[in-house]
Amino acid sequence: MGKRDGLTRGWARRTFASTKVVASLGKHAARRAWATARGHEEEASFEGVSRLVEQLDGLKGPMMKLGQMVSYLDGALPPAAQEALRKLQRDAEPADWSDVAEQLERELGASLDHLFDAIESHPVAAASIGQVHKAVVDGEAVAVKVQYPGLSEAMDTDLQNLSRLSFVADLGSSLGGAALVQELVDRMNEEMDYALEARRQERFRVLLSDDHRVLIPRILPERSSDRVLTSTWAEGQDFYAFAETASQQRRNEAGLVLFEVAFRTIFGHAAFNGDPHPGNYRFTDDGRVVLLDWGCIREFEPAFVEQWRHVARIILDGERERFDEAFTTLGMVADPDVFDFDAQWKGLRYLYEPMLGTDFQFTQDYVRQIWRVLLWNNPNLRTMRLPPQWLLVQRLQWGLYSVLALLGAQGDFGEPFRRWLDSPLLEDHGQG
């Protein structure tokens, strides 16, 4: 049996394991929902969480990305579980260097000695789809992201198992599950395409080049392929070290950058990065925010963005009398006769609270309360439809807010939100 056959067989053995992980995450989520509904926190045992982390680490792919996501979403799982799952963001178990080296040479069509002046065999980061090695090309430090060898062979099984976890598939809605699962499949398949990610990263690097608070590494196309992505190296402090040691002012500034980039790209370019997790950010000594990993991009039709603008303005301006019709137009109301528009209005006003004034501080309690209002205690949970294009918006909603809460970011979030809300779509939209 050849090495490739061995890799494929190894990934095939994950089928039963990934099914168990889905069950484990579902159990933790169900306990969390029940405990929250009863008004108290539900803790997870250290041993149980540790086993879950080990299972996810071994599986990689969509199952591990799921673990990454719930590791920072305040309110998704008990704090002990989230703390343990943080290991999956960048410090997962790496693939063997011999397999990675073979993957690099196969993908780039040359020996490592020819491709790189030097390359470190131990990765600087290992996550759900690939791992990153520091290297040197023509005297310049670079980051080489390599997709795990054999990962693509396991994707179909993992995505099928992911569809069984309704907690993730619906993200706030009991309807439209099949379409939402297909949306997840489409986005995950795109994340496996590093050539597509390279084009998107370059696109956003150019689009945001006028914002000197932001740094997006430059792609080296001659050292990249469908499964290898090489970009310039960016030094910077990792998220959790920054959150623990930076001054309140620095954390406020960084939070405003992350917030503005998200809504600038949505309302200015009809697209956004749908993977806002701590492992994708670095913070430089000169005050810039490094934005990494552009594999999960959601493009929107201009009409969708305009509908979103319309509802957002109604919420910000407190025009309750216009809300029912506008929200129904978004396609989220399955049956207007039984839908509780008053409850939805109150919930969305709470969600938009950071943008309603000129001084707001994100806290973990605030994010957990959003979960209660819009998910666990939402009377519309079973009468709401979630169109597929809104799936990653929910991920942005929980993810971005949770990241800002971990920073304790404070400031005027209303000004940049309204500024980009009122800006026209620029000509490049849909070119990612």
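The structure under discussion appears in the preceding block.
In what follows, the accompanying structure is described.

Parameters at a glance
- Residues numbered from 1 in each chain as written.
- Predicted model: local features only at pLDDT ≥ 70, side-chain atom pairs only at ≥ 80, totals over all residues.
- Heavy atoms only, no water.
- Axes fitted to C-alpha atoms, helices over the stretch in contact; angles between N-to-C directions.
- Helix = DSSP H or I, 4+ residues; strand = E, 2+ residues; numbered from the N terminus.
- Parallel < 35°, antiparallel > 145°, perpendicular 65-115°, else oblique.
- Left-handed = near helix turned anticlockwise from the far one by under 90°.
- Contact = heavy atoms within 4.5 Å.
- Nonpolar A, V, L, I, M, F, W, Y, C, P; charged D, E, K, R; others polar.
- Core = buried A, V, L, I, M, F, W, Y, C linked by side-chain atoms within 4.5 Å.
- Buried < 20%, exposed > 50% of the residue type's maximum accessible area, 1.4 Å probe, protein only.
- Salt bridge = Lys/Arg side-chain N within 4 Å of Asp/Glu carboxyl O.
- Polar contact = N/O pair within 3.5 Å; in protein donor to acceptor, adjacent residues only side chain to side chain.

Axis separation between helix α14 (residues 248-269) and helix α21 (residues 414-421) bottoms out at 9 Å; the angle between their running directions is 10 degrees. Taken together, the axes of α14 and α21 are roughly parallel relative to one another. Crossing hand, α14 versus α21: right-handed. Residues Phe 259, Glu 260, Phe 263, Arg 264 and Phe 267 of α14 form the contact with α21, whose participating residues are Pro 416, Phe 417, Arg 419, Trp 420 and Leu 421. Here the contact of α14 with α21 is composed, by residue class, of seven nonpolar, no polar and three charged.

Counting 83 residues, the largest nonpolar core has Leu 291, Trp 308 and Phe 417 as the members making the most contacts within it. Element by element, the count of residues in this core is highest for helix α20 (residues 391-407), at twelve residues. Excluding residues within four positions of it along the chain, Trp 308 makes contact with Ile 266, Phe 267, Phe 300, Leu 330, Tyr 352, Trp 390 and Val 393. In this structure, Val 100, Ala 135, Val 146 and Leu 220 belong to the second largest nonpolar core, which totals 14 residues.

The next subject is the pattern of salt bridges. Summed over the entire model, instances satisfying the criterion amount to 22 salt bridges. Note that Glu 190 is salt-bridged to Arg 200, the shortest N-O span being 3.0 Å. Within this pair, whereas Glu 190 is found in helix α11 (residues 177-191), its partner Arg 200 is found in helix α12 (residues 194-207), the two being separated by ten residues in sequence. By relative accessible area, Glu 190 is classed as partly exposed at 21%. Here the salt bridges do not stand alone but share partners, grouping Asp 211, Arg 213, Glu 260, Glu 415 and Arg 419 into one network.

Turning our eyes to something else, we now look at the side chain of Asn 380. Mapped onto the secondary structure, Asn 380 falls in the loop between α19 (364-376) and α20. The class for Asn 380 is buried, based on a relative accessible area of 0%. Aside from chain neighbours lying at most four places away, what touches Asn 380 is Phe 339, Asp 340, Ala 343 and Gln 344.

For the rest of this paragraph, the subject is the environment of Asn 378. Secondary-structure assignment places Asn 378 in the loop between α19 and α20. Separated by 31 residues in the primary sequence, Asn 378 and Gly 347 have C-alpha atoms spaced 8.3 Å apart. Polar side-chain contacts of Asn 378 include one of 3.1 Å to the backbone oxygen of Leu 374. Of the polar contacts made by the side chain of Asn 378, one reaches the backbone nitrogen of Asn 380; its length is 2.9 Å.

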